[in-house]
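Architecture and fold: a report
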Amino acid sequence: MSIEVRNLSKRLGGKTILDHVDLEIPEGGLVALLGPSGSGKTTLLRVIAGLETPDEGEVLVRGEASTAQRPQDRNVGFVFQHYALFPHMSVRQNIAFGLDVKPRAQRPSRDIIRARVDELLALIQLDSYGHRLPAELSGGQRQRVALARALAVEPKVLLLDEPFGALDAQVRAELRQWLRRLHDVSKVTTVLVTHDQEEAMEVADTVAVMNKARIEQVGHPRDIYDHPATAFVARFVGQMNQLHQVPGGTAFARPHEMELSLDPAAGEPAQVVSLLAMGPLARLRLQEASGRELEVQLGWERLAQLQLKEGSPVYVRAGRVQILQEEYSI
Amino acid sequence: MSFTRRPGFGLSLGVTLLGTSLMVLLPLAGLALKAAHAKPGTFAAVLSSPRIQTACLFSLGAALAAALFNLVWGTLIAWVLVRYPFPGRRLADALVDLPFALPTAVAGLTLASLYGPKGWLGHLLPFPLVYNRLGVVLALSFVSLPFMVRSIQPVLEELPRDMEEAAACLGASRWATLRRVVLPQLLPAILSGFALSFARAVGEYGSVVFISGNLPFKTEIAPLLIVVKLEQYDYDGAVALAVIMLGVSLLVLTSIHFLNRLGSRRHV
């Protein structure tokens, strides 16, 4: 295990921010901590980096207990949402900073530092930008420089705190894929904090969903989507129809798992409220007699068979129903 | 040089220039005019007087010393006020402005009685702190301290904390972070606080006359000599001395400004 988080708790001003959190991150993995704001994901990341001290529990990096270590001694790379580049230093100086401040005995020679900076500039595709100041770069370029700066010291783990949160959608999508490729090349164990489920699903090989200071589910993105462990995960990740309460919890079904028919015996009566047919999939919003609204996704062929329009009556049933509890319990 | 005229430019520039002229430029021009009409030889006489030379050098030296003292002390105060939440911080923050509000003569008297040989603190001190040059520096530091604190405080408040956290994660010690990340960004504010402190201290009169003892060749400051000359109806001498002090202060302030520009350009 590259990072082990054991029984971590933190309270601040009477509020529980982390509540007995356990997490194991394998060497070379790319894990996303996904959750709404206030769920404790950033605090968990900061505790791993040593920027916050937990009240209880411990963090092990490569088996080494590091809870008592200062951030300076942990050798973790940290990338901040707002880049945190040093504005008075050039791109080169920023990237070289971690090497420049090493104690004299461990500091590489000037030539080695220069070569390492060249290599990183090539990696982030900013070869000719070395002498610019951070203020002269775009947001996406700045964040790439911040990544290069963190990678320069060859950290044991790379921690990214909402790294693309301050960027616009298109740049965000590009950087996401770039990060994934970078990880495939560098193989540095990476933890990414995000509130954007698409980002988590696309980039990470493991997603840990956090809610109210706890981790509710850890798993492969596909498993999280197909088999959510709790009602919260079901609602938070992807679209979900909340059907009805049952004794064991709440019944849920994904929009693509809903089945429509014109036969009154094949489901509950409902009416099409809105219909968006674009590409191979059509998105429908239905309203049942009870007033409850349902999201449905249909293939265009089926839509053509049913000949639905806005206002059409239709009969709906859930093909696969999952019963989930509100609270996570073991 | 070409520039586009923005709406309201003429009126606002006119009003600003009028105000500045009435309050600043006109009195300074009057001073220069008066100096130009002084008896020939006045400047030479003033410049060659050993008593005036000593006073001018002491005024500049004491103002520099006070500004340097504030550089360290004021930066520390600003740091503590911004970075540490403690009970009574707002009160402490308000107290920093007190030297602005207090009549400087009151400040001088208070310092003189507090640190005087029989004062509450003065009798505990192993060395005298009033009626000597150290006392003058003390008074000048007191009256110019708020300039330093108030110059640095807003910049420090705006300085993002994550920059220091980034430096720590990269392995930089607290000291290296301070020296290589924080101080370079505070430098323009520190320099401008230093310049303001210095300017304030050079012109200070009220508090110094009560604490210095006004001993010729020892603790006399240039503004005091100007008053002395005025009392002797030597207006030309007073004006000449004023112009000399003005010139030297202008030179020092311009060099600090230039240094600042040089420092910020180096990074581009």
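Worth saying up front: this structure is predicted, and the values here are computed from it rather than measured. (Residues numbered from 1 in each chain as written. Chains lettered and ligands numbered in written order. Predicted model: local features only at pLDDT ≥ 70, side-chain atom pairs only at ≥ 80, totals over all residues. Heavy atoms only, no water.)

Right, let's get into the overall build of chain B. The number of helices and strands found in chain B is 12 helices and 0 strands. Starting at the N terminus, the α and β elements of chain B follow one another as α-α-α-α-α-α-α-α-α-α-α-α. On the principal axes, the C-alpha backbone points of chain B span a range of 65 × 65 × 30 Å. Buried positions account for 40% of the 268 residues belonging to chain B. Looking at chain B alone, contacts between residues at least 24 apart form 75% of all its contacts between residues at least 6 apart. As displayed, chain B offers around 15300 Å² of accessible surface, 72% of which is attributable to carbon and sulfur atoms. (Helix = DSSP H or I, 4+ residues; strand = E, 2+ residues; numbered from the N terminus. Buried < 20%, exposed > 50% of the residue type's maximum accessible area, 1.4 Å probe, protein only. Contact = heavy atoms within 4.5 Å. Areas by Shrake-Rupley, 256 points an atom, 1.4 Å probe, with all protein chains shown as cover.)

A residue-level look at chain B finds 97% of positions with pLDDT of 70 or above and a mean pLDDT of 90. Complex prediction metrics read pTM 0.83 and ipTM 0.86. (pLDDT = per-residue confidence, 0-100.)

Residue and element names in this part refer to chain B. The interhelical angle for the contact between helix α7 (residues 133-158) and helix α9 (residues 174-203), taken along N-to-C directions, is 155 degrees, at an axis separation of 8 Å. The angle between the axes of α7 and α9 places the two elements in the roughly antiparallel class. As α7 packs across α9, the resulting crossing turns out to be right-handed. When α7 is examined against α9, the residues Leu-140, Val-143, Ser-144, Phe-147, Met-148, Ser-151, Ile-152, Val-155 and Leu-156 are found in contact with a partner set consisting of Gln-185, Leu-186, Ala-189, Ile-190, Ser-192, Gly-193, Phe-194, Leu-196, Ser-197, Arg-200 and Ala-201. Counted by class, the contact of α7 with α9 contains 13 nonpolar, 6 polar and 1 charged residues. (Axes fitted to C-alpha atoms, helices over the stretch in contact; angles between N-to-C directions. Parallel < 35°, antiparallel > 145°, perpendicular 65-115°, else oblique. Left-handed = near helix turned anticlockwise from the far one by under 90°. Nonpolar A, V, L, I, M, F, W, Y, C, P; charged D, E, K, R; others polar.)

This part covers the side chain of Thr-189 of chain A. Residue and element names in this part refer to chain A. Position of Thr-189 relative to the elements: it lies in strand β8 (residues 189-194). Judged by its relative accessible area of 0%, Thr-189 falls in the buried class. Of note is the side chain of Thr-189, whose polar atom sits 3.2 Å from the side chain of Ser-2. Engagement of the side chain of Thr-189 in a polar contact is seen with the backbone nitrogen of Gly-28, the distance being 2.8 Å. Not counting residues up to four positions away in its chain, the partners in contact with Thr-189 are Ser-2, Ile-25, Pro-26, Glu-27, Gly-28, Gly-29, Lys-156, Val-157 and Leu-158. (Polar contact = N/O pair within 3.5 Å; in protein donor to acceptor, adjacent residues only side chain to side chain.)

Now for the sheet that holds strand β11 (residues 241-246) of chain A. Residues and elements named next belong to chain A. In space, the 3 strands of this open sheet follow the order β11-β12-β18, with antiparallel pairing throughout. The open sheet has two edge strands, β11 and β18 (322-324), and neither has a second partner. Strand after strand, the sheet turns through a mean of 35 degrees between neighbouring axes, direction not considered. Summarising the sheet, strand β12 (residues 249-253) and β18 pair through 3 bridges and their orientation is antiparallel. Looking at β18, one finds that Ala-251 is bridged to Ile-323. (Pairing = 2+ DSSP bridges.)

Residue and element names in this part refer to chain A. As paired strands, strand β14 (residues 268-278) and strand β17 (residues 313-318) are joined by 4 bridges and run antiparallel to one another. Each residue of the ladder has a partner; that of Pro-269, found in β17, is Tyr-315. Linking two consecutive strands that pair antiparallel, namely β14 and strand β15 (residues 281-288), is a turn of 2 residues; a positive phi of about 70 degrees is found at Gly-279 within it.

We now examine a nonpolar patch on the surface. Residues and elements named next belong to chain B. Taken together, the side chains of Leu-18, Leu-22, Met-23, Val-24, Leu-25, Leu-26, Leu-28 and Leu-246 define a hydrophobic patch exposed on the protein surface, amounting to about 800 Å² of accessible area. With 7 residues, the single largest contributor to the nonpolar patch is helix α1 (residues 9-36). Mapped onto the elements, Met-23 comes out in helix α1. (Patch = residues over 30% accessible without salt bridge, like charges linked within 9 Å, V, L, I, M, F, W, Y side chains within 5 Å. Salt bridge = Lys/Arg side-chain N within 4 Å of Asp/Glu carboxyl O.)

With that settled, the discussion passes to the interface of chain A and chain B. With 22 residues of chain A in contact, the opposing surface of chain B contributes 18 residues. Buried surface at the junction of chain A and chain B, summed over both partners, amounts to about 1900 Å²; 68% is from carbon and sulfur atoms. Contact with chain B buries area across many residues of chain A, yet Gln-72, His-88 and Phe-97 of chain A alone supply 31% of it, more than any other trio. Remark: the boundary between chain A and chain B carries 2 salt bridges. One salt bridge connects Glu-165 of chain B with Arg-46 of chain A, and the closest N-O pair in it is separated by 2.7 Å. Along the contact surface separating chain A from chain B lie 3 residue pairs in polar contact (both at pLDDT 80 or more). Among the elements of the structure, β6 (76-79), α2 (91-100) and α4 (139-152) of chain A are those that each provide at least two residues to the side of chain A that touches chain B. Among the elements that line the side of chain A that touches chain B, the one with the most residues is α2 of chain A, at 3 residues. Along the lines of polarity and charge, the residues of the side of chain A that touches chain B split into 15 nonpolar, 4 polar and 3 charged. (Buried area = accessible area lost by both parts, 1.4 Å probe.)

Looking now at the environment of Arg-174 of chain B. For Arg-174 of chain B, the location among the structural elements is in helix α9. Linking Arg-174 of chain B and Glu-164 of chain B, residues 10 residues apart in sequence, is a C-alpha distance of 8.6 Å. With sequence-adjacent residues up to four places away left out, Arg-174 of chain B is seen in contact with Gln-72 of chain A together with Trp-79, Arg-83 and Glu-164 of chain B. Polar side-chain contacts of Arg-174 of chain B include one of 3.1 Å to the side chain of Glu-164 of chain B.

Residue and element names in this part refer to chain A. A sheet is described by the order of its strands in space; here 5 strands give the open sequence β13-β17-β14-β15-β16, paired in antiparallel fashion. With one partner strand each, in any of the chains shown, β13 (258-261) and β16 (293-299) form the two edges of the open sheet. Taking the axes of each pair of neighbouring strands and ignoring which way they run, one obtains an average angle of 45 degrees across the sheet.

So, on to the domain arrangement of chain B. Residue and element names in this part refer to chain B. When cut into domains, chain B gives domain 1 (1-37) and domain 2 (40-266). Relative to domain 2, the C-alpha centre of domain 1 lies at a distance of 29 Å. Every contact between the two is made by 4 residues of domain 1 and, on the other side, 7 residues of domain 2. Summing both sides of the interface, domain 1 and domain 2 together bury roughly 460 Å²; the carbon and sulfur share of this comes to 84%. Taken as a group, Leu-31, Lys-34 and Ala-35 account for 83% of the area that domain 1 buries against domain 2, more than any other trio of residues on that side. Where domain 1 packs against domain 2, one counts 0 salt bridges. Counting the contacts that link domain 1 with domain 2 gives 0 residue pairs in polar contact (both at pLDDT 80 or more). (Domains from an automatic or database assignment.)

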